[in-house]
Number of protein chains: 2
Amino acid sequence: MIKVIIIGAGNVATHLYKSFTKTKQLDIIQVFNRDIDHLDFVDNASKKVSDISKLKEADLYLIAIKDEAIEEITEKLDTKNGIVVHTSGSQPLQILSKFKNSGVFYPLQTFSKIKPVNFKEIPLCLEANSEENLEYLKNIASLISDKIFEVNSEQRKALHVSAVFVNNFSNHLFTLAADFCKKEELPFDILRPLIKETVDKLETLDPYSAQTGPALRNDKKTISAHLEMLDEDRKKIYTLLTESIQKLHGKKL
Amino acid sequence: MIKVIIIGAGNVATHLYKSFTKTKQLDIIQVFNRDIDHLDFVDNASKKVSDISKLKEADLYLIAIKDEAIEEITEKLDTKNGIVVHTSGSQPLQILSKFKNSGVFYPLQTFSKIKPVNFKEIPLCLEANSEENLEYLKNIASLISDKIFEVNSEQRKALHVSAVFVNNFSNHLFTLAADFCKKEELPFDILRPLIKETVDKLETLDPYSAQTGPALRNDKKTISAHLEMLDEDRKKIYTLLTESIQKLHGKKL
């Protein structure tokens, strides 16, 4: 069995712990967090560690902590032959250069504490400091997911910013729309089927081809009617995104 | 049976035609379009009309055409007792004031020609010029959908602008992300599970509570790393949406 140590107690650490424990080939021997109280997701008290010097020798060290804490942890972490990986979308592999064997194990998904996830469907973006280590990580990743991608540090940075656009920013647009509905005493539920279809459409169309709406049609009457309804901040967002759609689709501004 | 005439040959007209013909209570007696060639979705040639003066007396006239054409059609349309409705999100009920019985029948969804839709799940937003007519429209709407909403003209305008935010603008963000991926030779498929989860999350969380990301965390390091990767146009969008998230969630800018 492959001996694994997980470092961290956040959403990624928790979900990876749960997913790893379901496989027969991986044995999580320890989980580290500075505050041991946050390790309540770990079933066995003897596996919980809050003193980093108590970490044993393992085959895989999985660092799933905040970006800004990775450097400090790597300074304190020691291993002879284990492969040390981080799970960050924005940090380079380079940050782990002190270790003989290193890699990145980046799950491209948004995790919440309460919502269970199906790792089989989550893209795992892998990188390693050698072909051998990459193969090793691929084998481990394939135990929990069907979607394995080889992604270098540059590509991972592009994915990370893409994730902000498709997840964080879209969700913010949903929030603004929820606000418009609330002001007019309409339930947010009324928008759910449209939001669902917006995404379902992408199963058959690429997003460029799926584009519709007044910006694409250059329907100036509707655009100005919309702008009239919005406050200054929303107006700026509406204008900028409308212009961006028109530029990308080669419409006259 | 309720005699229905549909006016128009676009996506909404086509999908409403298909959905109406499946019910036993509605009898589509005619479908009008200036260009009869666009009425290929109508099964019976004798029902196709391109001369508006040939329209018969019906119980319901459903105008599903471009906003800018509605006024011209209403000038030419005549009925004694039929109820005339339009399907536009942005036009007031008022535009049909010449008719004794009028209303709005606005399906809040994005339609493509090729993709079949399940009307049962589509919110139908209804308005009418009398209580009696509203009840009449509710009865008809409930034959094809389980989601009937009473929505006045002001509310409908708010819904229409909301639809632009949740559908058009989100889809544009997906397009920009697809572009980032393409430049780094990554398949768009890698982002699909994240997009899907962004929307699935809304089944258990409202969008305000579902917000995550560097803007919300006020993670300046990540934000500036992202900005460095973007061209001027994308940078503007990133900055504006980041600021908007931070304002809404009461973060220090």
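Conventions used here
- Throughout, residues of each chain are indexed from 1 in the direction in which the sequence is written.
- The order in which chains are written sets their letters, starting at A; the order in which ligands are written sets their numbers, starting at 1.
- pLDDT decides what is reported in this predicted model: residues at 70 or higher carry local features, side-chain atom pairs at 80 or more are listed and counted, and totals for whole chains, interfaces and linings draw on all residues regardless.
- Working from all heavy atoms in the structure, the side-chain values ignore hydrogens and water.
- Any two residues whose heavy atoms approach within 4.5 Å are treated as being in contact.
- Accessible-area loss on putting two parts together, using a 1.4 Å probe and summing over both, is the definition of buried area adopted here.
- For the purposes of these results, a polar contact is taken to be a pair of N or O atoms within 3.5 Å, where, inside protein, one atom must be able to donate a hydrogen and its partner to accept one; residues adjacent in sequence count only when each atom of the pair is a side-chain atom.
- Ten residue types, Ala, Val, Leu, Ile, Met, Phe, Trp, Tyr, Cys and Pro, are classed as nonpolar, four, Asp, Glu, Lys and Arg, as charged, and the remainder, Gly among them, as polar.
- UniProt positions are given in the numbering used here, feature names are shortened, and annotations may be inferred rather than shown by experiment.
- A run of H or I in DSSP becomes a helix once it reaches four residues, and a run of E becomes a strand once it reaches two; helices and strands are each numbered from the N terminus.
- The atoms used to superpose the copies are C-alpha atoms, taken from residues with pLDDT of at least 70 in both, and the fit is least squares.
- For two strands to be treated as a pair, DSSP must find no fewer than two bridges joining them.
- Geometry is summarised by axes, namely lines fitted to C-alpha atoms with helices restricted to the contacting stretch, and by angles between N-to-C directions that run from 0 to 180 degrees.
- For this document, the term salt bridge refers to a Lys or Arg side-chain nitrogen within 4 Å of an Asp or Glu carboxyl oxygen.
- Accessible area is worked out with a 1.4 Å probe on protein chains only. A residue is then buried under 20% of its type maximum, exposed over 50%, and partly exposed in between.
- The arc under discussion is defined with respect to the helix axis, by the directions toward the C-beta atoms.
- The definition of a nonpolar core used throughout is a set of buried Ala, Val, Leu, Ile, Met, Phe, Trp, Tyr and Cys residues joined through side-chain atoms within 4.5 Å.
- Oblique is the label for any angle not under 35 degrees, not over 145, and not in the 65 to 115 range, which are roughly parallel, roughly antiparallel and roughly perpendicular in turn.
- Looking down the strands as they point away from the viewer, one classifies a crossover as right-handed if the path from the first strand across the helix to the second runs clockwise.
- Classification of ring pairs rests on two measures: the distance between centres of Phe, Tyr or Trp rings, Trp counted by its six-membered ring, which must be within 6.5 Å, and the angle between planes, read as stacked under 30 degrees, edge-to-face over 60 and tilted in between.
- When two cysteine sulfur atoms lie within 2.5 Å, the pair is treated as a disulfide.

1. A word on the interface of chain B and chain A
Counting residues at the interface gives 82 residues for chain B, matched by 82 residues for chain A. Across the interface of chain B and chain A, roughly 8,200 Å² is buried in total on both sides, 71% from carbon and sulfur atoms. Inspection of the region where chain B meets chain A yields 28 residue pairs in polar contact (both at pLDDT 80 or more). Grouping the constituent residues of the side of chain B that touches chain A by class yields 42 nonpolar, 21 polar and 19 charged.

2. A look at the UniProt feature "domain: DUF2520" (unreviewed entry) in chain A
Under the present numbering, the feature "domain: DUF2520" (unreviewed entry) in UniProt falls on residues 122-245 of chain A. Taken end to end, residues 122-245 of chain A is 69% helix and 6% strand, and its first and last C-alpha atoms sit 29 Å apart.

3. Observations regarding the relation of the copies chain B and chain A
The operation relating chain B to chain A is a screw motion whose rotation component is 180°, with 0.0 Å of axial translation and a residual RMSD of 0.0 Å. Given the turn and translation reported, the copies of this chain are related as if by a two-fold rotation axis. Among all residues of chain B, the minimum C-alpha distance to the rotation axis is found for S170 of chain B, at 2.6 Å. When the interface residues of chain B are mapped onto chain A, 100% of them again lie at the interface, so the same face is used by both copies.

4. Focus on the sheet that holds strand 5 (residues 83-86) of chain B
Residue and element names in this part refer to chain B. The 8 strands are arranged 3-2-1-4-5-6-7-8 in an open sheet whose pairing can be described as mixed. Unpaired on one side and paired on the other, strand 3 (48-49) and strand 8 (148-150) mark the two borders of the sheet. Pairing of strand 6 (residues 101-107) with strand 7 (residues 124-128) involves 5 bridges; the strand directions are antiparallel. Bridge pairing in strand 7 places V104 opposite E127. Relative to strand 4 (residues 60-63), helix 2 (residues 67-76) is tilted by about 150°, and along the sheet it contacts strand 1 (2-7), strand 2 (26-32), strand 4 and strand 5.

5. Considering the pattern of salt bridges
All names here are of chain B. Taken as a whole, this structure holds 29 salt bridges over all chains when the rule is applied. Put simply, K54 and D51 hold a salt bridge, and the shortest N to O gap is 3.7 Å. A relative accessible area of 56% places K54 in the exposed class. Put simply, E232 and K235 hold a salt bridge, and the shortest N to O gap is 3.6 Å. Taken together, the residues E232 and K235, both in helix 9 (residues 232-248) and 3 residues apart, mark about one turn of the helix. Residue E232 is classed as exposed on the basis of its relative accessible area of 54%. With a relative accessible area of 26%, K235 lands in the partly exposed category.

6. Observations regarding helix 3 (residues 131-141) of chain B
Residues and elements named next belong to chain B. Those residues of helix 3 that fall on the buried side of the exposure criterion are N133, L134, L137, I140 and A141. Angular distribution of buried residues about the axis of helix 3 spans 125°; they occupy a single face of the element. Across helix 3 from its buried face, at more than 90 degrees, point the exposed residues E131, E132 and N139.

7. Description of the UniProt feature "domain: Pyrroline-5-carboxylate reductase catalytic N-terminal" (unreviewed entry) in chain A
Summarizing the sequence annotation, UniProt attributes the feature "domain: Pyrroline-5-carboxylate reductase catalytic N-terminal" (unreviewed entry) to residues 3-85 of chain A in the numbering used throughout. Taken end to end, residues 3-85 of chain A is 25% helix and 25% strand, and its first and last C-alpha atoms sit 14 Å apart.

8. Observations regarding the nonpolar core
Counting 76 residues, the largest nonpolar core has F165 and I190 of chain A together with F165, I190 and L191 of chain B as its most contacted members. Contributing elements (two or more residues each) for this core: strand 6 (101-107), helix 4 (153-183), helix 5 (192-200) and helix 9 (232-248) of chain A together with strand 6, helix 4 (153-183), helix 5 (192-200) and helix 9 of chain B. Here L191 of chain B is in contact with L108, L159, S162 and V166 of chain A together with A177 and C181 of chain B, once residues within four sequence places are set aside.

9. What to know about the packing of helix 8 (residues 220-229) of chain A against helix 4 of chain B
Where helix 8 of chain A contacts helix 4 of chain B, the two axes come as close as 10 Å, and the packing angle between them is 105°. Relative to helix 4 of chain B, the element helix 8 of chain A is oriented roughly perpendicular. Residues T222, H226 and M229 of chain A of helix 8 of chain A lie in contact with helix 4 of chain B, whose contacting residues are K157, A158, H160, V161 and V164 of chain B.

10. Some words on the pairing of strand 1 (residues 2-7) of chain A
Residues and elements named next belong to chain A. By the bridge criterion, 6 bridges tie strand 1 to strand 2 (residues 26-32) in an arrangement that is parallel. Of the residues in strand 2, the one forming a bridge with K3 is D27. You can see the chain leave strand 1, run along helix 1 (residues 11-21) and come back into strand 2, and the turn it takes is right-handed. With 4 bridges joining them, strand 1 and strand 4 (residues 60-63) adopt parallel strand pairing. Within strand 4, the position partnered with I7 by the bridge is I63.

11. Examining the packing of aromatic side chains
Aromatic ring pairs are defined here through the distance separating the ring centres and the angle between the ring planes. Inspection of every chain in the model, using the stated rule, returns 14 aromatic pairs over all chains. Here F165 of chain A and Y238 of chain B contribute two aromatic rings whose centre-to-centre distance is 6.1 Å and whose plane-to-plane angle is 50°, an arrangement assigned as tilted. On the criterion of chain membership, the pair formed by F165 of chain A in helix 4 and Y238 of chain B in helix 9 is interchain, its members lying in two chains. On the accessibility criterion, F165 of chain A (0% relative accessible area) is buried.

12. Some points on the sheet that holds strand 6 of chain A
Residue and element names in this part refer to chain A. The 8 strands are arranged 3-2-1-4-5-6-7-8 in an open sheet whose pairing can be described as mixed. Edge positions in the sheet fall to strand 3 (48-49) and strand 8 (148-150), since each of these pairs with one other strand and no more. Direction of pairing for strand 7 (residues 124-128) relative to strand 8: parallel, over a ladder of 3 bridges. Its bridge partner lying in strand 8, C125 is registered against F149. Its contacts with the sheet place helix 2 (residues 67-76) against strand 1, strand 2, strand 4 and strand 5 (83-86), and it is angled at close to 150° to strand 4. Where helix 3 (residues 131-144) meets the sheet, it contacts strand 1, strand 2, strand 4, strand 5, strand 6, strand 7 and strand 8, and its direction lies at approximately 160° from that of strand 7.

13. Focus on the state of the cysteines
Under the definition given, this model contains 0 disulfides over all chains. The closest cysteine sulfur to the non-disulfide-bonded C181 of chain B is located on C125 of chain A, 9.5 Å from its own sulfur.

14. Observations regarding unusual backbone geometry
Note on backbone geometry: most residues besides glycine have negative phi, and most peptide bonds are trans. One non-glycine residue, E185 of chain A, adopts positive backbone phi at about 55°. Residue position: E185 of chain A is located in the loop between helix 4 and helix 5. Non-glycine residue N218 of chain B carries a positive phi angle of around 55°. Within the secondary structure, N218 of chain B is located in the loop between helix 7 (214-217) and helix 8 (220-229).

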